[in-house]
There are 2 protein chains.
Amino acid sequence: MEETPESTPRKRISESTIHRLSLYFRALSLLEKENYETVSSKELAKREKLTPAQVRKDLSFFGSFGTRGLGYPVTELKARVSRILGIDRVWRVALIGIGNIGSALVSYKEFIKQGFHIVKLFDNDQRKIGSNHKGIIVSDIKNLKTELHEDNIEMVVIAVPATVAQYIVDDVVEANIKAILNFAPINLKVPPDVHVRNENMAMELEYLSFAMVNNHMPKGAGKN
Amino acid sequence: MEETPESTPRKRISESTIHRLSLYFRALSLLEKENYETVSSKELAKREKLTPAQVRKDLSFFGSFGTRGLGYPVTELKARVSRILGIDRVWRVALIGIGNIGSALVSYKEFIKQGFHIVKLFDNDQRKIGSNHKGIIVSDIKNLKTELHEDNIEMVVIAVPATVAQYIVDDVVEANIKAILNFAPINLKVPPDVHVRNENMAMELEYLSFAMVNNHMPKGAGKN
DNA sequence: ATCTACATGTGAAATGCTTCACAATAGGTG
DNA sequence: CACCTATTGTGAAGCATTTCACATGTAGAT
Ligand SMILES: NC(=O)c1ccc[n+]([C@@H]2O[C@H](COP(=O)([O-])OP(=O)(O)OC[C@H]3O[C@@H](n4cnc5c(N)ncnc54)[C@H](O)[C@@H]3O)[C@@H](O)[C@H]2O)c1
Ligand SMILES: NC(=O)c1ccc[n+]([C@@H]2O[C@H](COP(=O)([O-])OP(=O)(O)OC[C@H]3O[C@@H](n4cnc5c(N)ncnc54)[C@H](O)[C@@H]3O)[C@@H](O)[C@H]2O)c1
């Protein structure tokens, strides 16, 4: 029953499980650097502030990767988690809006390490079109649809002002893109088969604010 | 029973409810601009892709703000939600690490609108120390503890490389800061009374990747 | 070959969150 | 004033996620 190859799971996987898989991947990358050969659910849990049972249950949705009495083989588990997350390959990503946040994202090395290659940039500002960012020439937003298609882009990052984000996304959807990471603080309307994830930084600050004002205890406070 | 002033709730409020309050705030700000006087839970739900029951239940944790048959008064509800979230005031924020992402955050106007005032910047790069960003002079990280204290900083944003983030945070904690927004992809260790929220962009891309590879239907697909 | 220590994998229980469904009720209308 | 319509506020039901607890299994020691 051990060593099952991971497989597409029968049950629907929850959003929280998927997010935790990202955490496991991160922790495993570090453990690998530290030359650990195996790791227990207990250690993995400790490193990401979770419970051992949670770690085991999450992994069990995809197969049996551990050895009783020993734990999980670090390198192998990392490879498996990366397969599960779909980051054992290159994703061709386009970034739209090369302003403050867009420029920061182009230089972010963590993305490349995980297979997210930003290979295309778009803007509507004449001063930016044609300029070079990390080896990529900024394209004119006018050519969005054709170039997304010609360059086999699979994911798009939206970093334009909220006021124009919906118009841009309408074109992105027409170009048959199915995955969008959105930084504009607005609820984008897309057809049901298009995935949108929102990155909303104000939301996290608001959470902190709420927690302070209501002296909400942080999650996990009182343990140890 | 109507018009209860909002009050610190008896029950523990879930993280998801708090996040949705942020969405309500955003939607209400827009509705106000569009000159709506009242809004129903149905409309509010539609705008943020939630259910009306969810909207009503969330708000009911804090009081009874609506009028049966009519809905909620937009301006008043917005004020109440902002009170609940603790953003009806100014928060003094320090930003540590004025690199790619740090520079983008300094210029982000949405933060100011919600009461988050970045009033202090820190870096350890001699070329950056003393320079001016949006009217703020970058301080030397050496003076972190004393200046955080002298300037009555209440929240800190971490935008330094992951390798040094923990050391910086140790000092931040010693300076008696209780709220941290962290951009470094690492699990920070802090005492149980310190709130940490992580902004992890790779995680959202990984979610998209997972969804594509597993043709996971987006949440809410199949409605309408 | 047996024993010991350890740690997985997983049903079942416990907890938490969302949705349902409807009584309560405000406001408008005749 | 009585009636009608719309929409809230909320227990209770339904569903989802997390935690528990233990049988199962492996490695290593003696
Ligand atoms: N700056 C931040 O720290 C930050 C943080 C979180 C979210 N955001 C959000 O990210 C988005 C961008 O923010 P920013 O601070 O980088 O703004 P910015 O103004 O610096 O950048 C916006 C870029 O989009 C381009 N643009 C505008 N209209 C366009 C169009 N029609 N087609 C193509 N490109 C167009 C502009 O030329 C500019 O380069 C906004 O929605 C903002 O709310 C920003
Ligand atoms: N660039 C992005 O788009 C992006 C996105 C998400 C998360 N992040 C994370 O944000 C952090 C910063 O990323 P970045 O791209 O802005 O990197 P960066 O190298 O551009 O900026 C880091 C800044 O921190 C400063 N710094 C380094 N050591 C310091 C110390 N000991 N004390 C004070 N300041 C110090 C540097 O001088 C620099 O200004 C990293 O942890 C990164 O993983 C970046």
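Our subject is the structure that appears above.
A short tour of the structure in this document, coming up.

Definitions and cut-offs
- Residues numbered from 1 in each chain as written.
- Chains lettered and ligands numbered in written order.
- Predicted model: local features only at pLDDT ≥ 70, side-chain atom pairs only at ≥ 80, totals over all residues.
- Heavy atoms only, no water.
- Helix = DSSP H or I, 4+ residues; strand = E, 2+ residues; numbered from the N terminus.
- Buried < 20%, exposed > 50% of the residue type's maximum accessible area, 1.4 Å probe, protein only.
- Contact = heavy atoms within 4.5 Å.
- Near = heavy atom within 4 Å.
- Polar contact = N/O pair within 3.5 Å; in protein donor to acceptor, adjacent residues only side chain to side chain.
- Pairing = 2+ DSSP bridges.
- Axes fitted to C-alpha atoms, helices over the stretch in contact; angles between N-to-C directions.
- Areas by Shrake-Rupley, 256 points an atom, 1.4 Å probe, with all protein chains shown as cover.
- Expected span 1.5 Å × (residues − 1).
- Nonpolar A, V, L, I, M, F, W, Y, C, P; charged D, E, K, R; others polar.

Glancing now at the overall build of chain A. A count of helical and extended segments in chain A gives 9 helices and 9 strands. Overall, the C-alpha framework of chain A stretches about 60 × 45 × 35 Å when taken along its three principal axes. Residues classed as buried in chain A amount to 51% of the 224 residues present. Taking the contacts inside chain A whose residues are at least 6 apart along the sequence as the reference set, 58% of them involve residues at least 24 apart.

The next subject is the protein's contact with DNA strand C. In the vicinity of DNA strand C there are 24 residues, among which Ser41(A), Arg56(A), Gly69(A), Tyr72(A) and Arg68(B) approach most closely. When the atoms of DNA strand C within 4 Å of the protein are sorted by group, sugar and phosphate make up 64%. For DNA strand C, a sugar or linking oxygen lies 3.0 Å from a polar atom in the backbone of Gly69(A). Going through the elements one at a time, helix 3 (52–60) of chain A together with helix 3 (52–60) of chain B are the ones with two or more residues in the surface near DNA strand C. The element that contributes the greatest number of residues to the surface near DNA strand C is helix 3 of chain B, accounting for 4 residues.

Reading across the sheet, the 7 strands line up as 5-6-4-3-7-8-9 (chain A) and stay open at both edges, with mixed pairing between neighbours. Edge strands, defined here as strands with exactly one partner in the open sheet, are strand 5 (132–133) and strand 9 (195–198) of chain A. Sheet topology note: the strand 8 (residues 179–182) of chain A/strand 9 of chain A ladder contains 4 bridges and is parallel. Counted as the bridge partner of Asn182(A) is Asn198(A) from strand 9 of chain A. On the sheet, helix 9 (residues 201–213) of chain B packs against strand 3 (91–96), strand 4 (116–123), strand 7 (155–158), strand 8 and strand 9 of chain A and is oriented at approximately 165° with respect to strand 9 of chain A.

Here we come to the site of ligand 1. Every one of the 23 residues lining ligand 1 counts as a neighbour, but Asn100(A), Ile101(A), Asp123(A), Lys128(A) and Val160(A) are closest to it. Of the chains in the model, those with residues near ligand 1 are chains A and B. Residue Tyr108(B) places a side-chain N or O atom 3.1 Å away from an oxygen atom belonging to ligand 1. Relative to its unbound accessible area of 820 Å², ligand 1 is 84% covered by the protein chains. For the shell around ligand 1, the secondary structure elements donating two or more residues are helix 5 (100–106) and helix 8 (162–174) of chain A together with helix 5 (100–106) of chain B. The dominant element in the shell around ligand 1, judged by the number of residues it contributes, is helix 8 of chain A, at 3 residues.

This part takes up helix 9 (residues 201–213) of chain A. Residue and element names in this part refer to chain A. Taking 1.5 Å as the rise per residue, helix 9 with 13 residues should run 18 Å; its terminal C-alpha atoms sit 19 Å apart, in good agreement. Counted residue by residue, helix 9 has 11 buried out of 13 residues, so it is predominantly covered. At the N-terminal boundary of helix 9, the capping side chain belongs to Asn200, with an oxygen 3.3 Å from the backbone nitrogen of Ala202.

Read from one edge of the open sheet, 7 strands run 5-6-4-3-7-8-9 (chain B), paired in mixed fashion. The two strands at the open ends of the sheet, each matched to only one other strand, are strand 5 (132–133) and strand 9 (195–198) of chain B. Relative to strand 6 (residues 136–140) of chain B, strand 5 of chain B runs antiparallel, the two being bridged by 2 bridges. Paired with Asn132(B) across the bridge in strand 6 of chain B is Ile137(B). Along the sheet, helix 9 of chain A contacts strand 3 (91–96), strand 4 (116–123), strand 7 (155–158), strand 8 (179–182) and strand 9 of chain B; its crossing angle with strand 9 of chain B, the most-contacted strand, is approximately 165°.

Residue and element names in this part refer to chain A. Of note in the backbone geometry, Asn35 takes a positive phi value of approximately 65° without being a glycine. Residue position: Asn35 is located in the loop between helix 1 (15–33) and strand 1 (38–39). In this structure Asn35 comes out as exposed when scored by relative accessible area, which is 66%.

This part is about the protein's contact with DNA strand D. Taken together, 26 residues surround DNA strand D, and among them Ser14(A), Arg68(A), Ser41(B), Arg56(B) and Tyr72(B) come closest. Taking the atoms of DNA strand D that fall within 4 Å of the protein, sugar and phosphate contribute 61% of them. For DNA strand D, a phosphate oxygen lies 2.9 Å from a polar atom in the side chain of Arg20(A). Within the residue set of the surface near DNA strand D, elements represented by two or more residues are helix 1 and helix 3 of chain A together with helix 3 of chain B. The dominant element in the surface near DNA strand D, judged by the number of residues it contributes, is helix 3 of chain A, at 4 residues. Looking at the surface near DNA strand D residue by residue, the class counts come to 5 nonpolar, 14 polar and 7 charged.

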